[in-house]
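Structural overview
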Amino acid sequence: MKPCPICKKPAVEASKPFCSERCRDVDLNRWLSGSYAIPARDGEEEDEDGDGLNLPAGDRRDR
Ligand SMILES: [Zn+2]
């Protein structure tokens, strides 16, 4: 089995290809914020002025 792409630990069946749900979340967040604009079409267009959701992960983390 391939190792977890996030932390390189052995992956587990339940969260393949990651070692845990936590790493899966990390990867998901990375993917969402890095290369994909979240289609906020639930009537929450006020969020579109970029107060968090549209920022790359890690850029504003130390605020
Ligand atoms: Zn991991």
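Above this text you will find the structure in question.
Described below are features of the structure shown in this document. Note on numbering: residues in each chain are counted from 1, in written sequence order. Note on the predicted model: pLDDT of at least 70 is required for a residue's local features to be given, and 80 or more for side-chain atom pairs to be given and counted; whole-chain, interface and lining totals, by contrast, use all residues. Computation of side-chain values: all heavy atoms of the structure, hydrogens and water removed.

Let's talk about the coordination of the zinc ion
Our working definition: With water excluded from the atoms, a metal site may look incomplete; its donors are any N, O or S atoms within 2.8 Å, or within 3.2 Å for Na, K and Ca. Labels for metal geometry use angle windows, namely 85 to 135 degrees for all angles of a four-donor tetrahedral site, and for square planar (four donors) or octahedral (six donors) sites opposite donors over 155 degrees apart plus all others within 65 to 115; sites meeting none of these are irregular.
Distances from the zinc ion to its protein donors, C4 (SG), C7 (SG), C19 (SG) and C23 (SG), fall at 2.3 to 2.4 Å. Classification of the site at the zinc ion rests on its 4 donor atoms, whose angles at the metal span 100 to 119°, yielding the label tetrahedral.

Some words on the environment of K8
This is how it is decided: Secondary structure elements follow DSSP: runs of H or I no shorter than four residues count as helices, runs of E no shorter than two count as strands, and numbering proceeds from the N terminus. To sort residues, take the accessible area from a 1.4 Å probe on protein chains only and compare it with the maximum for the residue type: under 20% means buried, over 50% means exposed, and anything in between is partly exposed.
Its location among the elements puts K8 in the segment before α1 (21-35). By relative accessible area, K8 is classed as exposed at 59%. In sequence terms K8 and F18 are 10 residues apart; their C-alpha atoms lie 8.6 Å from each other.

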